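Chain by chain, the residues run as shown.
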Amino acid sequence: MVDAMRAMLDELMGEDRDGDRQKPARNFSDDDVCKFHICGFCPYEEFDKTRTDFGPCPQVHDDRSKTQWEGLNDEERSKYPYERELKKWLDKMVDDLGKKVKRNQERLDSEANPAFLPDDQATIDGMAARITELLASSQAAGEQGNVDGAQAAAAQADAVKADKTAFEADAKARATANSSSRYGQQEVCQISGLIINSEETRVRDHKMGRNYRSWCKLHEKLTELNDTFRKRSEQALLPPPPRLPSKDREAPRSRDADKHRPREHERDSQPDRRRSGADRERDRVHRSSSGRDPDRHRSSTRDSDRSSHRSRDRERSHRDGRDRHRSRSRDR
């Protein structure tokens, strides 16, 4: 009780209300910080003073810690179990709510359509007891050999059964007419699970109440958490983004490129070789078409050289003869 009062005073007036202690600087991951509060929905706080009251929250609601949590991105939040724990609790509350709605609907149906009115039910029970009594009397008379007494008791039992059947039909009609006027304006709220009056003003008052608004906020928060976890699951199935190659990965690739460069140079030089071969072939065809065969040309060159040598020898012999003739003439 003392701890509950202290927590209430801390929430209303602050932890430093007495002026003799400083408010400690907290982090959202501290043990005494309410993880449901920083995630945006604390059932202790939201359902306080309602029909779903859980009592005071046992942990501290620190707004600075909530601001720290809201400053994290979704990837950082996913590393902590706080949202999963909140979703687990809210799922359980919604499951219990569904059971409550079903239970109250069955109760409402049974009250709206009773089998018989209380007075009629008492009369029917009395007639059933009379029938049981007459049947037992008939059986006892038969065992004693009193055939007439047994038949008379059985006949009376049959008559009471007929009266009971007719009375039940009338009693059911009276119960149906009475329930239409008594329970016809009640329904079960699917949001809060409560039985409410279906009149417009009563429905409006119910929807403005704290209990209804707290349940609406719970459904909204649970939808938000479901969407968050669905997106995280879809993101986990996506392939990772491509990674840029590092310098260490580029170095071997450069060496491989260097190895292929001479081959590329050889491929580039092939057209020159082919062109030079084509040029030689073109020259050979040109020489053939012009009637100049290389072998014949070399042979004719040698013959012309020998002719030139013989001509020079004859000229030299002729000059020598002429000089001798001149020498003889001078001697004479």
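Check the entry above for the structure.
**As for the layout of surface pockets**
Phase 1 of the analysis: Of the volumes computed, that of the second largest pocket is approximately 170 Å³.
Phase 2 of the analysis: Together, Thr52, Phe54, Trp89, Lys92, Met93, Asp96, Leu97, Lys100, Arg103, Ser192, Asn211 and Trp215 line the second largest pocket.
Phase 3 of the analysis: Going through the elements one at a time, helix 6 (82-112) and helix 10 (210-237) are the ones with two or more residues in the lining of the second largest pocket.
Phase 4 of the analysis: Considering each element in turn, the lining of the second largest pocket owes the most residues, seven residues, to helix 6.

**Here's the deal with the packing of aromatic side chains**
Phase 1 of the analysis: According to the stated counting rule, one finds 13 aromatic pairs in the structure shown.
Phase 2 of the analysis: Ring centres 6.3 Å apart and planes at 70° place the aromatic pair Tyr44 and Phe54 in the edge-to-face group. Here Tyr44 is found in helix 3 (residues 43-46), whereas its partner Phe54 is found in the loop between helix 3 and helix 4 (63-70), with ten residues between them in sequence.
Phase 3 of the analysis: A relative accessible area of 33% means that Phe54 is categorised as partly exposed.
Phase 4 of the analysis: Seen in terms of ring centroids, Phe47 and Trp215 are 5.2 Å apart; in terms of plane orientation they differ by 65°. Their pairing is edge-to-face. Of the two residues, Phe47 is situated in the loop between helix 3 and helix 4 and Trp215 in helix 10; the sequence distance between them amounts to 168 residues.
Phase 5 of the analysis: Judged by its relative accessible area of 0%, Phe47 falls in the buried class.
Phase 6 of the analysis: Trp215 sits in the buried class, given a relative accessible area of 5%.
Phase 7 of the analysis: Among the aromatic residues, those joined into a ring-pair cluster are Phe36, Phe41, Tyr44, Phe47, Phe54, Trp89 and Trp215.

**Points about the side chain of Thr52**
Phase 1 of the analysis: When you line up the elements, Thr52 lands in the loop between helix 3 and helix 4.
Phase 2 of the analysis: Of the residues examined, Thr52 reaches a relative accessible area of 17% and is grouped as buried.
Phase 3 of the analysis: Contacts of Thr52, omitting those with residues within four sequence positions, involve Phe47, Met93, Asn211 and Trp215.

**Observations regarding the pattern of salt bridges**
Phase 1 of the analysis: With the rule as written, the count across this model stands at 13 salt bridges.
Phase 2 of the analysis: A salt bridge links Asp48 to Lys49; its shortest N-O distance comes to 3.1 Å.
Phase 3 of the analysis: Salt bridges sharing common partners tie together Asp74, Glu83 and Arg232.

**Let's talk about the environment of Gln59**
Phase 1 of the analysis: Relative to the helices and strands, Gln59 resides in the loop between helix 3 and helix 4.
Phase 2 of the analysis: According to the relative accessible area criterion, Gln59 is partly exposed, its value standing at 32%.
Phase 3 of the analysis: Taking the C-alpha atoms as reference, Gln59 lies 9.9 Å from Tyr44; in sequence the two are 15 residues apart.
Phase 4 of the analysis: Leave out the neighbours within four places in its chain, and Gln59 touches Asp31, Asp32, Val33, Cys34 and Lys35.
Phase 5 of the analysis: Among the polar contacts made by the side chain of Gln59, one reaches the main-chain carbonyl oxygen of Asp31 at a distance of 2.9 Å.

**Side note on the side chain of Glu46**
Phase 1 of the analysis: Among the structural elements, Glu46 can be located in helix 3.
Phase 2 of the analysis: With relative accessibility at 14%, the residue Glu46 sits in the buried group.
Phase 3 of the analysis: Those residues in contact with Glu46, other than ones at most four positions away along the chain, are Phe41, Arg210, Ser214 and Lys217.

**Considering unusual backbone geometry**
Phase 1 of the analysis: One non-glycine residue, Lys49, adopts positive backbone phi at about 65°.
Phase 2 of the analysis: Within the fold, Lys49 resides in the loop between helix 3 and helix 4.
Phase 3 of the analysis: Classification of Lys49 as exposed rests on a relative accessible area of 70%.

Rules of the game
- Residues numbered from 1 in each chain as written.
- Predicted model: local features only at pLDDT ≥ 70, side-chain atom pairs only at ≥ 80, totals over all residues.
- Heavy atoms only, no water.
- 1 Å grid on protein atoms, 1.4 Å probe; cavity = no way out; pocket = protein on both sides within 12 Å on 5 of 7 lines; lining within 4 Å.
- Points joined across faces, edges and corners; volume = space filled by probe spheres on them.
- Helix = DSSP H or I, 4+ residues; strand = E, 2+ residues; numbered from the N terminus.
- Phe/Tyr/Trp six-rings, centres within 6.5 Å; stacked < 30°, edge-to-face > 60°.
- Buried < 20%, exposed > 50% of the residue type's maximum accessible area, 1.4 Å probe, protein only.
- Contact = heavy atoms within 4.5 Å.
- Salt bridge = Lys/Arg side-chain N within 4 Å of Asp/Glu carboxyl O.
- Polar contact = N/O pair within 3.5 Å; in protein donor to acceptor, adjacent residues only side chain to side chain.

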